[in-house]
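# Structural overview
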Amino acid sequence: MRVLAALSGGVDSAVAAARAVDAGHDVVGVHMALSRNRDQFRTGSRGCCSIEDAGDARRAADVLGIPYYVWDLSERFEDTVVADFLAEYAAGRTPNPCVRCNEHIKFEALLDKAVALGFDAVCTGHYARVVTRPGPDGSAPVRELHRAADLAKDQSYVLAVMGPDRLARSMFPLGDAASKAQVRAEAAARGLSVSAKPDSYDICFVADGDTQGFLRERLGSLPGDVVDVDGRVVGAHDGAYAYTVGQRKGLSIGRPAPDGRPRYVLEVRPVSNTVVVGPADALAVGAVLGGDAVWLADDVVGAEPAGRAGGADWFACQAQVRAHGDPVPARARRTPHGGVRVEVHGDLRGVAPGQSLVLYAGTRVLGQATVEGTERA
Amino acid sequence: MTAYLDHAATTPMLPGAIDVLTAELGRTGNASSLHSAGRSARRTVEEAREQLAAALGARPGEVVLTAGGTEADNLAVKGLFWSRAGQDSARRRILVSAVEHHAVLDPASWLARHAGAETVLLPVDGTGRLDLDALAAELEAAGPRTALVSVMWANNEVGTLQPLREVVALAHRYGVPVHSDAVQAVGQVPVDFAASGLDALTVSGHKVGGPLGIGALLARRGLDLTPVLHGGGQERGVRSGTLDTPASRAFAVAVDTAVRARPQTAARVTDLRDDLVRRVREAVPGAVLRGPDPVPATGRDAARHGDPPARLPGNAHFTFPGCEGDSLLFGLDSAGVQCSTGSACQAGVPQPSHVLLAMGVEEHDARGALRFSLGHTSTAADVDALLDVLPGVVERARAAGLASAGPAGRAGPTGHGAGAGAGAGRGGAR
């Protein structure tokens, strides 16, 4: 196959590309330029981190003996991932930009461009497994997305947004790696200089890691009230977008709660520009409502129900609402217009609209939706 | 087979230059040493200096050897600014064309940010030619406060030759020195430093078939330049650093050879380039030639027939609507055809060319740019190889442009728009 290996400049994507080469594919390395920061006259700037990353990606391609190119997807990135990030926070929701990047950039803009230029698949350094099983009664093979062998590194949560067509053109060679340490050792053995490069954790376009500062700079100051569940004003804020459901720290509340217990953000109301706070037990979630669902397991979840009535049959699953959150036992059923209703059987707290909801059956990803609302336990 | 169509980036070394370079690499001697090995090295450097001067219409004493074109440009812009502003603190203005190479633009903007300079970018017309009226107006408004003018001899992206005779005449009326980056011009068009009236001129080794890492600034006798590199005081104290004897000699041989062969080489390369332009237009009807038209198709330009076009002989530059330069470059490179997107590349990050933007090209059109540059080793087979694959590459790049432009872009007539407005919504794209 002709494979485009997305090279971020990190160790994972370099080893993934190396494994694709070993598997006999015709591999070309591409680094995506995503920053719109265009310093017209570069004098004085020592180059941003992305330029260093591009250099590391180039050296990885050299070591692997594959061609290397930089593709500028910065405009698309700004128009989708960054714009969505800001719009979601401005709307009182809590977005996951990595999910949006996988959805709109890596497995849409990059993949579509690659296919148009003659590639068969895009290979990334994500930790997840694609398992191909024979279709029922001799039909086309079914591709399943599963958690990585190393559950500590598993990234199936941020990949679940992909539909089956895009999954069919994706390769994750690190899915069965035993651990990140093993991948680093493999990189070192292959002579890849990025083998000891530190992991990146922050949101890539918030360079200093100060998300609140980034939001304040881009969205401006918007003072409003912090209220309790009865609507009494208990404090003030400088922009409701800076708060997320379940947050405890950073609340500037003058008066202590009557019962003296700590208070948490229960809700962000963008229209009235208020932040609602209350006790921890008010955060417990009994049901999650999702929209814009993408399904990867029609054999389990069934068809979308027609009309307005109720929903399809229930299926057992585990629900996960954060990249590194624990999955919670649940049952779910599809609802009309691309929705899903999930009733959780375990302890799930602080779920915010905008978060990505991923449903699993064991290691298998069943589907993904965006949290639209919750019901209290 | 592969076709190398990127001679403006760097051109193969001339055999004569390779011969003298490799021969000199085996010899020892610091040209500043006083013993016989040093004197021998010094003699080699000075003979090279004389050869360079003779080929370029300069005096040997006007040749300041540097480590390349970028250093020579920095020395000209910073050295002239510091020297002029030092003599008369009112002279702080720097006038440069908007289409200069970054080696001129960036020192000029750096001086504006760090040394109190006032840098003015002079506009160009749609072919990339300097707007002389704008220069005249700037000089009339503040000639006595102007430290220098820098206008390139020929543009590296679109090949446009600049009206230097007029620039020099205007600037000298106000006593303002003029520098020109002639890195792309030497060996391509006649370059005579004395006849040009210029005060300083940049030339580079590897663009004319010499080695990488050497160049020169021709600086008119008596021109006061403040050094950028301080140290051992070589090159009349203007440029310190041990002289590179082997590279100097190879550089001089390359310049001499290229300048002597220029009439024949330029005529041959012009024919190849004109053929390339005609055939690209035929094969890709949407392609837009940027810069002065060497083969005008319409009668409107026929009146100019007989005049040489104000363009480098080996340069052809096109934009391909609906295509991204990176897709075009990928497709051609995969097929063994090597050219450039013609844009400023920092660590390979493509950005729309400031040259095309200054010429009034829209940003989305500027993204689909390719520069084909021919040189002394180019053959008809190179042009054939390009034309064999170009239509298919453009077709795929157009498809890729539509694909990566996003849902909003797909609706547009040319695939531009790049998903504007598609972002904030979470609609049908999923």
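Note that the structure is predicted; figures quoted are calculated from it, not measured. (Residues numbered from 1 in each chain as written. Chains lettered and ligands numbered in written order. Predicted model: local features only at pLDDT ≥ 70, side-chain atom pairs only at ≥ 80, totals over all residues. Heavy atoms only, no water.)

Attention now goes to the overall build of chain B. Secondary structure summary: chain B contains twelve helices and 14 strands in total. Going through the 430 residues of chain B one by one, you find that 57% of them count as buried. Contacts spanning at least 24 positions in sequence make up 74% of the contacts within chain B whose residues lie at least 6 apart. (Helix = DSSP H or I, 4+ residues; strand = E, 2+ residues; numbered from the N terminus. Buried < 20%, exposed > 50% of the residue type's maximum accessible area, 1.4 Å probe, protein only. Contact = heavy atoms within 4.5 Å.)

A separate point is the overall build of chain A. Helix and strand content of chain A: nine helices and 17 strands. Computed over C-alpha atoms, the radius of gyration of chain A comes to 22 Å, within 12% of the 21 Å expected from 2.2 N^0.38 for 377 residues, which places it in the range of a compact globule. If one aligns the C-alpha atoms of chain A with their principal axes, the spans along those axes are about 65 × 65 × 35 Å. Of all 377 residues assigned to chain A, the portion counted as buried reaches 53%. Long-range pairs, those at least 24 residues apart, make up 63% of the contacts in chain A with a sequence separation of at least 6. (Rg over C-alpha atoms; globule rule 2.2 N^0.38 Å.)

Residue and element names in this part refer to chain A. Inspection of the secondary structure puts Ser-195 in the loop between helix H7 (180-189) and helix H8 (211-219). For Ser-195, a relative accessible area of 15% puts it in the buried group. If sequence neighbours within four positions are ignored, Ser-195 has contacts with Val-11, Arg-184, Ala-187 and Ala-188.

Attention now moves to the environment of A:Asp313. Residue placement: A:Asp313 occurs in the loop between helix H9 (298-301) and strand E13 (315-320). Ignoring sequence-local partners within four residues, the contact set of A:Asp313 consists of A:Ala332 and A:Arg333.

Residues and elements named next belong to chain B. Parsing chain B into structural domains produces domain 1 (15-257) and domain 2 (262-405). Averaged C-alpha coordinates put domain 1 and domain 2 at centres separated by 28 Å. Taken together, the 24 residues of domain 1 in the interface contact 23 residues of domain 2. Carbon and sulfur atoms make up 59% of the surface buried where domain 1 meets domain 2, a total of about 1,800 Å² over both sides. Per-residue buried area on domain 1 facing domain 2 is highest for Glu-157, Val-158 and Gln-188; these three make up 37% of the total on that side. (Domains from an automatic or database assignment. Buried area = accessible area lost by both parts, 1.4 Å probe.)

Let us look at the UniProt feature "active site" (unreviewed entry) in chain A. Residue and element names in this part refer to chain A. UniProt feature "active site" (unreviewed entry): in the numbering of this structure it lies at Cys-101 and Cys-204. A stretch of 104 residues holds the annotated residues, and the largest C-alpha distance among them is 10.6 Å, short enough that they meet in one place. Along the chain, Cys-101 falls in helix H4 (residues 97-116). Residue Cys-101 is classed as buried on the basis of its relative accessible area of 8%. If you trace the backbone, Cys-204 turns up in the loop between H7 and H8. (UniProt positions renumbered as here; feature names shortened; annotations may be inferred.)

Let us look at the domain arrangement of chain A. Residue and element names in this part refer to chain A. What the domain assignment lists for chain A is domain 1 (2-196), domain 2 (221-282) and domain 3 (284-376). The C-alpha-based centres of domain 2 and domain 3 are spaced at 27 Å. When domain 2 packs against domain 3, close to 440 Å² is buried across both sides, 49% of that on carbon and sulfur atoms. Counting across the domain 2 and domain 3 interface gives zero salt bridges. Counting every contact that joins domain 2 to domain 3 gives two residue pairs in polar contact (both at pLDDT 80 or more). (Salt bridge = Lys/Arg side-chain N within 4 Å of Asp/Glu carboxyl O. Polar contact = N/O pair within 3.5 Å; in protein donor to acceptor, adjacent residues only side chain to side chain.)

Residues and elements named next belong to chain B. It is at 8 Å that the axes of helix H2 (residues 36-56) and helix H8 (residues 245-283) come closest, and there the two elements cross at 25 degrees. Considered as vectors, H2 and H8 are oriented roughly parallel to each other. By crossing handedness, the relation of H2 to H8 is classed as left-handed. Across the interface between the two elements, Ala-41, Thr-44, Val-45, Ala-48, Gln-51, Leu-52, Ala-55 and Leu-56 from H2 touch Thr-245, Ser-248, Arg-249, Phe-251, Ala-252, Val-253, Val-255, Asp-256 and Val-259 from H8. Class assignment for the residues of the contact of H2 with H8 results in eleven nonpolar, four polar and two charged. (Axes fitted to C-alpha atoms, helices over the stretch in contact; angles between N-to-C directions. Parallel < 35°, antiparallel > 145°, perpendicular 65-115°, else oblique. Left-handed = near helix turned anticlockwise from the far one by under 90°. Nonpolar A, V, L, I, M, F, W, Y, C, P; charged D, E, K, R; others polar.)

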